[in-house]
Amino acid sequence: MVLAELGGSISRALQQMSNATIIDEKVLAECLNEITRALLQADVQFKLVRDMTNNIKKIVNLDDLAAGHNKRRIIQQAIFNELCKMLDPGKPSFTPKKGKTSVVMFVGLQGSGKTTTCTKYAFYHQKKGWKPALVCADTFRAGAFDQLKQNATKAKIPFYGSYMESDPVKIAVEGVERFKKENCDLIIVDTSGRHKQEAALFEEMRQVSEATKPDLVIFVMDSSIGQAAFDQAQAFKQSVAVGAVIVTKMDGHAKGGGALSAVAATKSPVIFIGTGEHMDEFEVFDVKPFVSRLLGMGDWSGFMDKIHEVVPMDQQPELLQKLSEGSFTLRIMYEQFQNILKMGPIGQVFSMLPGFSAELMPKGREKESQAKIKRYMTMMDSMTDKELDSPTPKIMNDSRIMRIARGSGRQLREVMEMLEEYKRLAKIWSKMKGLKIPKKGEMSALSRNMNAQHMSKVLPPQMLKQIGGMGGLQTLMKQMGSGKDMMGMFGGGDK
Ligand SMILES: Nc1nc2c(ncn2[C@@H]2O[C@H](COP(=O)(O)OP(=O)(O)OP(=O)(O)O)[C@@H](O)[C@H]2O)c(=O)[nH]1
């Protein structure tokens with residue numbers, strides 16, 4: 001079961017429970033059974049699942065709950081918290097600081113995506129103004145240096161390695177020395193992988209680590225390894241001081257539950273996930289937004305981050321301003337389609353907004369979605385400025401629609417379909433009216449401006465229902481004390 005399905009199963013279990021008139025032991029047990037099944041199918045280690053359900057049972061003591069309490073909300077909150085707890089080892093990993101030299105060593109089995117991930121990690125930081133460098137200390141796999149060299153050259157990142165030298169420790173030390181002299185602030189050391197855990201691999205890794213004294217060791221794990229994740233992660237942790245985990249290939253049909261197990265085994269947080277083969281298919285991993293998404297709650301902060309990443313800098317203030325005014329014109333839709341196509345993996349952006357992805361871009365059908373978007377854009381190319389900038393779709397009368405169809409060589413039906421899509425998106429965005437959209441790094445501004453009214457508009461209806469409608473939401477926000485926590489719960493909050 002892939003993670004998206006896991007999220008679906010958990011949401012369904014919660015929904016079924018919400019539909020029950022009375023929530024008693026039986027209903028709770030059924031809900032927890034469903035969730036247990038879903039987690040086990042997603043390859044989460046049995047012990048973890050058992051601990052989680054036991055904890056929920058302990059927290060949710062139905063008899064003790066005073067009448068009037070929203071039991072559903074308490075149960076949902078408990079599930080949310082437990083999933084977060086599973087993924088959050090309680091202490092953050094070492095975070096390199098820009099401008100100050102840090103050495104980061106990557107370890108993992110062969111084929112886990114280590115070399116690719118090293119470059120992604122370097123590229124990610126380079127985009128943020130760091131001065132990264134790559135050292136290839138993988139002397140085991142022929143071609144490893146070439147691969148790193150190729151990736152590094154493409155991303156214009158300095159690299160160090162050797163075709164002749166067979167001692168990985170020597171190369172690692174030389175590379176680190178060189179880049180320290182060159183004032184690189186993020187020196188990334190890629191180490192050898194093997195097909196399976198073996199003593200020689202661990203010994204070599206230990207020696208490289210001892211010689212280069214990394215500030216952080218990152219364990220790279222392929223998300224498809226399933227139940228093996230726990231043992232594998234633990235074996236690595238026992239040999240080197242693993243401080244963080246990166247889970248790769250989260251885009252495939254992998255059972256992502258292994259990520260939860262790896263965290264449990266290494267007591268180290270997942271810091272990034274790999275979502276494709278390309279350099280930029282790499283996302284910061286945050287527990288709360290991840291669990292929010294898992295439970296179908298949407299990931300508001302991830303969406304904001306994506307806007308900042310996808311939309312060119314000079315267009316950002318204008319777009320955010322327009323969106324906060326609630327005016328979503330066809331031109332905005334056109335420009336955003338352009339940005340999305342430019343960025344590549346299309347689902348990434350909108351899948352973060354509650355209710356968005358399923359209709360416009362169903363998972364696994366990204367190619368068709370792209371073709372659809374291109375078709376829509378061709379039709380919009382035949383529109384006048386007045387049509388593109390109109391604050392309302394009412395302007396689109398029959399004769400205009402006919403002209404657009406003729407001009408773009410498409411059927412009337414297709415133009416109507418595109419306009420329907422526009423209306424659907426505009427409706428979603430109109431709910432954002434008045435919502436203060438924060439600038440990058442200003443999530444707290446959003447939190448401060450967030451009241452129950454806004455929140456209720458942004459949340460998917462079924463979730464609002466689960467919380468207990470507007471009344472429930474107000475109480476919940478009050479109980480949580482501050483908007484910040486609230487945003488945390490639904491995927492926001494400062495990072
Ligand atoms: N779909 C997908 N493929 C990935 C991802 N990360 C890496 N890959 C692919 O996985 C394969 C193995 O990646 P490498 O980076 O060569 O693996 P490695 O762990 O460095 O292997 P060794 O250097 O031999 O230890 C390559 O084909 C990558 O393109 C990801 O997030 N998603």
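Because the structure is predicted, anything quoted here is derived from the model rather than measured.

Draft legend 1. Layout of the overall build of the protein chain. If you tally the helices and strands in the protein chain, you get 25 helices and 8 strands. As presented, the protein chain carries roughly 22,500 Å² of accessible surface, and 52% of it is formed by carbon and sulfur atoms.

Draft legend 2. Focus on the site of the ligand. Residues in close proximity to the ligand total 20 residues, the closest being K114, T115, T116, R141 and D251. Between an oxygen atom of the ligand and a main-chain N or O atom of G274, the distance comes to 3.3 Å. Coverage of the ligand by the protein amounts to 83% of the 650 Å² it exposes when considered alone. Here the shell around the ligand takes 4 residues from helix α5 (residues 114–127), the largest share from any one element. Partitioned by chemical class, the residues of the shell around the ligand number 1 nonpolar, 12 polar and 7 charged.

Draft legend 3. Representation of the pairing of strand β4 (residues 186–191) in the model. Where burial is concerned, most of β4 is hidden: 6 out of the 6 residues are buried. Residues L186, I188 and D190 of β4 are buried on one face, and the alternating residues I187, V189 and T191, pointing to the opposite face, are buried as well. Bridge analysis of strand β1 (residues 102–107) against β4 gives 5 bridges, and the strand direction is parallel. What sits directly across from V104, in β4, is I188. Bridge analysis of strand β2 (residues 132–137) against β4 gives 6 bridges, and the strand direction is parallel. Note on β4: the bridge partner recorded for C136 is D190.

Draft legend 4. Layout of helix α6 (residues 144–154). Buried residues of α6: A144, F145, L148, N151 and A152, and no others. Seen from one end, α6 has its buried residues packed into an arc of 135°, which puts them on one side. When the buried face of α6 is taken as reference, the exposed residues oriented beyond 90 degrees from it are Q150 and K154. Of the residues flanking the end of α6, it is K156, one or two places downstream, whose phi is positive at about 55°.

Draft legend 5. Structural context of the sheet that holds strand β7 (residues 270–274). In space, the 8 strands of this open sheet follow the order β3-β2-β4-β1-β5-β6-β7-β8, with mixed pairing throughout. Since the sheet does not close on itself, it has two edges, and those belong to β3 (159–160) and β8 (282–284), each with one partner. In this sheet, strand β5 (residues 216–222) lies alongside β1 in parallel orientation, the contact comprising 4 bridges. Within β5, the position partnered with V107 by the bridge is F219. Across the sheet, helix α7 (residues 168–181) lies against β1, β2, β3 and β4, angled at about 165° from β2, the strand it touches most. Where helix α8 (residues 199–212) meets the sheet, its contacts fall on β1, β2 and β4, and the angle it forms with β1 comes to roughly 180°.

Draft legend 6. The arrangement of the environment of C84 in detail. Within the element layout of this structure, C84 appears in helix α4 (residues 71–87). In sequence terms C84 and L260 are 176 residues apart; their C-alpha atoms lie 9.7 Å from each other. In contact with C84, not counting residues within four places along its chain, are V287, K288 and V291.

Draft legend 7. Geometry of the confidence of the model for the protein chain. Per-residue confidence for the protein chain gives a mean pLDDT of 76; residues scoring 70 or more make up 67%. The element-level mean pLDDT for the protein chain is lowest in helix α25 (residues 483–489), coming to 33, with β1 highest at 96. Note on residues 349–359: pLDDT under 50 across the span, and 35 contacts to partners over four residues away in sequence or across chains. Scored as a complex, the prediction yields pTM 0.62 and ipTM 0.96.

Draft legend 8. The arrangement of the nonpolar core in detail. Core analysis: the biggest nonpolar cluster contains 73 residues, and L39, I79 and F236 have the highest contact counts within it. Ranked by residues supplied to this core, first place goes to α4 with 9 residues. Core analysis: the next-biggest nonpolar cluster, separate from the first, contains 27 residues, Y121, L186, A244 and F272 among them.

Draft legend 9. Region of the structure containing the packing of α8 against helix α9 (residues 228–239). It is at 9 Å that the axes of α8 and α9 come closest, and there the two elements cross at 45°. Viewed along their axes, α8 and α9 adopt a mutual orientation that is oblique. Both α8 and α9 take part in a crossing whose hand is right-handed. Two secondary-structure elements touch here, α8 through L201, F202, M205 and R206 and α9 through A235, F236 and S239. Among the residues making up the contact of α8 with α9, the classes are represented as 5 nonpolar, 1 polar and 1 charged.

Draft legend 10. Layout of the packing of aromatic side chains. Evaluation of the coordinates by the stated rule reveals 9 aromatic pairs. Here the aromatic rings of Y121 and F272 are separated by 5.8 Å at their centres, their planes lie at 90°, and the arrangement is edge-to-face. Of the two residues, Y121 is situated in helix α5 and F272 in strand β7; the sequence distance between them amounts to 151 residues. A relative accessible area of 6% means that F272 is categorised as buried. In textbook terms, an aromatic cluster arises when at least three aromatic residues are bridged by ring pairs, as seen for F106, Y121, Y124, F272 and F282.

Draft legend 11. Local environment of the packing of helix α2 (residues 25–41) against helix α3 (residues 46–59). Interhelical geometry of α2 versus α3 gives an angle of 160° and a closest axis separation of 10 Å. Relative to α3, the element α2 is oriented roughly antiparallel. The interaxial crossing formed by α2 with α3 has right-handed handedness. Of the residues in α3, those touching α2 at L32, I35, T36, L39 and L40 are F46, V49, M52, T53, I56 and K57. Residues of the contact of α2 with α3, tallied by class, amount to 8 nonpolar, 2 polar and 1 charged.

Draft legend 12. Representation of the pattern of salt bridges. This structure, assessed with the given rule, holds 17 salt bridges. Ionic pairing is found between E174 and K170, a salt bridge with its closest N-O pair at 3.4 Å. Here E174 and its partner K170 are both found in helix α7, 4 residues apart, which amounts to about one turn of the helix. On the accessibility criterion, E174 (32% relative accessible area) is partly exposed. For K170, a relative accessible area of 39% puts it in the partly exposed group. Salt bridges sharing partners connect three or more residues here, namely E165, K170 and E174.

Thresholds applied
- Residues numbered from 1 in each chain as written.
- Predicted model: local features only at pLDDT ≥ 70, side-chain atom pairs only at ≥ 80, totals over all residues.
- Heavy atoms only, no water.
- Helix = DSSP H or I, 4+ residues; strand = E, 2+ residues; numbered from the N terminus.
- Areas by Shrake-Rupley, 256 points an atom, 1.4 Å probe, with all protein chains shown as cover.
- Near = heavy atom within 4 Å.
- Polar contact = N/O pair within 3.5 Å; in protein donor to acceptor, adjacent residues only side chain to side chain.
- Nonpolar A, V, L, I, M, F, W, Y, C, P; charged D, E, K, R; others polar.
- Buried < 20%, exposed > 50% of the residue type's maximum accessible area, 1.4 Å probe, protein only.
- Pairing = 2+ DSSP bridges.
- Arc of directions from axis to C-beta.
- Contact = heavy atoms within 4.5 Å.
- Axes fitted to C-alpha atoms, helices over the stretch in contact; angles between N-to-C directions.
- pLDDT = per-residue confidence, 0-100.
- Core = buried A, V, L, I, M, F, W, Y, C linked by side-chain atoms within 4.5 Å.
- Parallel < 35°, antiparallel > 145°, perpendicular 65-115°, else oblique.
- Left-handed = near helix turned anticlockwise from the far one by under 90°.
- Phe/Tyr/Trp six-rings, centres within 6.5 Å; stacked < 30°, edge-to-face > 60°.
- Salt bridge = Lys/Arg side-chain N within 4 Å of Asp/Glu carboxyl O.

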